[in-house]
Amino acid sequence: MALCALMTYVFLRGWYNSLKCARRIEDIPTSRIPSAAQGYVELIGRQYAPPDQTVEAPLTGTPCTWWRYRIQVQKRGLDGKKSLTTLEEGTSSTPILLKNRGGELLVDPDGAEVTPSITHRWRGRLASPPRPMDVRDHVRNGRYLYTEERMRVGEKLYVAGELQTFSGHRQGETFERAVADLLAQWKQDQGRLVERFDTDQDGRIDMAEWEAAREAARTEVAARMRRSEAEPEVDVVRKPENGEPFMLGGGGSQIDMARIYRSKAADALMVSIVFGAMLIYLIHLIP
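Model, not experiment: these values are computed from the prediction. (Residues numbered from 1 in each chain as written. Predicted model: local features only at pLDDT ≥ 70, side-chain atom pairs only at ≥ 80, totals over all residues. Heavy atoms only, no water.)

Considering the overall build of the protein chain
Okay, so step 1: A count of helices and strands for the protein chain gives 5 helices and 12 strands.
Okay, so step 2: Taken over 287 residues, the protein chain has a buried fraction of 37%.
Okay, so step 3: In the protein chain, once contacts between residues fewer than 6 apart in sequence are set aside, the share between residues at least 24 apart is 71%.
Okay, so step 4: Counting only carbon and sulfur atoms, one obtains 52% of the accessible surface of the protein chain, whose full area is about 17300 Å². (Helix = DSSP H or I, 4+ residues; strand = E, 2+ residues; numbered from the N terminus. Buried < 20%, exposed > 50% of the residue type's maximum accessible area, 1.4 Å probe, protein only. Contact = heavy atoms within 4.5 Å. Areas by Shrake-Rupley, 256 points an atom, 1.4 Å probe, with all protein chains shown as cover.)

And the structure:
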């Protein structure tokens, strides 16, 4: 009974979240990158690996922009039922370069709900197979199930998330705050601090020597800020901090993505109804 109640709640929650995502997709207008405002945005463009980087899927070695993989083993329990246990899994965290209508930005995929354009599953006999693998090397009765999901270089990418612009220096960092942070960092290594600023060799830092350390910190921070100000600003879409959905969809349009989430919502609602009916039946069995 407890299991039925839990599963009813889980799938109802899934129905609500998927429906919320579908409605958010349908309500928010699609922006162009050059004119996109800071905050929650919806963008559609072509996706690529970041400049000077190569992204390859771990199992097949296929070039891509994003990947997720899992290696599972099939086991038979004491009751004779088969189940899958995950041995190894991973998800790409490399930013994705998105281009559309004369603009480009980076998408940080961490924390995103991703709908990949490619999913391959095949079986084998090794828990740690040699890589790269070929999905055509399928073993019908292999104990191990390999799953690899990817998004293609150059295909369309749907993005809904929070757009922020970052400069080379930390946002909100003032000169004096940066100097204080650097001095605090130097204080943690007293030996190095004394070696560098103890000019009278008495083994300690007096007021005059501490002022020299402070002036050195000011000089170093000023140089660092000049370098950071010369760095270009970078636009990044990432997971919103206010709980809004963060969604990526390979090869999909706004209509396609809304349809996918509405289908997920319908499936979750159907399963929750089944478990809810089972729960009601079990409650009625209690005298």
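Examining the pattern of salt bridges
Okay, so step 1: In total, this model carries 11 salt bridges according to the counting rule given.
Okay, so step 2: Two residues, Glu155 and Arg152, come together in a salt bridge whose shortest N-O distance is 3.4 Å.
Okay, so step 3: With relative accessibility at 11%, the residue Glu155 sits in the buried group.
Okay, so step 4: For Arg152, a relative accessible area of 43% gives the class partly exposed.
Okay, so step 5: One salt-bridge network, in which partners are shared between bridges, spans Glu211, Arg214, Glu215 and Arg218. (Salt bridge = Lys/Arg side-chain N within 4 Å of Asp/Glu carboxyl O.)

Section: a nonpolar patch on the surface
Okay, so step 1: Residues Leu3, Leu6, Tyr9 and Val10 make up a contiguous nonpolar surface patch of roughly 420 Å² in combined accessible area.
Okay, so step 2: For Tyr9, the position within the fold is in helix α1 (residues 2-27).
Okay, so step 3: You can call Tyr9 exposed: its relative accessible area is 53%. (Patch = residues over 30% accessible without salt bridge, like charges linked within 9 Å, V, L, I, M, F, W, Y side chains within 5 Å.)

Considering the side chain of Gln164
Okay, so step 1: Along the polypeptide, Gln164 turns up in strand β10 (residues 156-166).
Okay, so step 2: Reaching out from Gln164, the side chain makes a polar contact with the side chain of Glu162 at a distance of 2.9 Å.
Okay, so step 3: For Gln164, the residues in contact, after removing those within four places along its chain, are Gln38, Val234, Asp235, Val236 and Arg238. (Polar contact = N/O pair within 3.5 Å; in protein donor to acceptor, adjacent residues only side chain to side chain.)

Quick notes on unusual backbone geometry
Okay, so step 1: The step from Arg131 to Pro132 runs through a cis peptide bond, and the omega angle for that step is 5 degrees.
Okay, so step 2: Note that Pro132 resides in the loop between β8 (118-124) and β9 (144-151).
Okay, so step 3: Positive phi, close to 65 degrees, is recorded for Asp52, a residue that is not glycine.
Okay, so step 4: You will see that Gln201, though not glycine, has its phi angle at about 60 degrees, which is positive.
Okay, so step 5: A relative accessible area of 66% means that Gln201 is categorised as exposed.

Observations regarding the nonpolar core
Okay, so step 1: Of all hydrophobic cores here, the largest spans 18 residues; its most connected members are Leu43, Leu98, Leu105, Val107, Val237 and Leu248.
Okay, so step 2: Secondary-structure elements contributing two or more residues to this core are β2 (39-48), β5 (96-100), β6 (103-107) and β10.
Okay, so step 3: Tallying contributions element by element places β10 first for this core, with 3 residues.
Okay, so step 4: Excluding anything up to four places from it in sequence, Leu43 contacts Thr30, Ser31, Arg32, Ile33, Ala36, Leu98, Leu105, Leu157, Tyr158, Val159 and Val237. (Core = buried A, V, L, I, M, F, W, Y, C linked by side-chain atoms within 4.5 Å.)

Focus: the sheet that holds β8
Okay, so step 1: Spatial ordering of the open sheet is given by β4-β3-β9-β8, a layout of 4 strands whose pairing is antiparallel. Whereas interior strands pair on both sides, the edge strands pair on one side only; in this sheet they are β4 (82-91) and β8. The average angle at which neighbouring strand axes cross in this sheet is 20 degrees, direction not considered.
Okay, so step 2: Pairing between strand β3 (residues 66-76) and β4: 9 bridges, direction antiparallel. Within the sheet, the bridge partner assigned to Val73 lies in β4 and is Thr85. (Pairing = 2+ DSSP bridges. Axes fitted to C-alpha atoms, helices over the stretch in contact; angles between N-to-C directions.)

A few points about the pairing of β9
Okay, so step 1: For β9, the buried fraction is high: 8 of the 8 residues fall into the buried class.
Okay, so step 2: Where burial is concerned, the two faces of β9 agree: the one with Tyr144, Tyr146, Glu148 and Arg150 and the one with Leu145, Thr147, Glu149 and Met151 are both buried.
Okay, so step 3: Across 8 bridges, the pairing between β3 and β9 is antiparallel. When the sheet's bridge partners are listed, Arg70 is paired in β9 with Thr147.
Okay, so step 4: Bridge analysis of β8 against β9 gives 7 bridges, and the strand direction is antiparallel. Along β9, the bridge assignment pairs Arg123 with Leu145.

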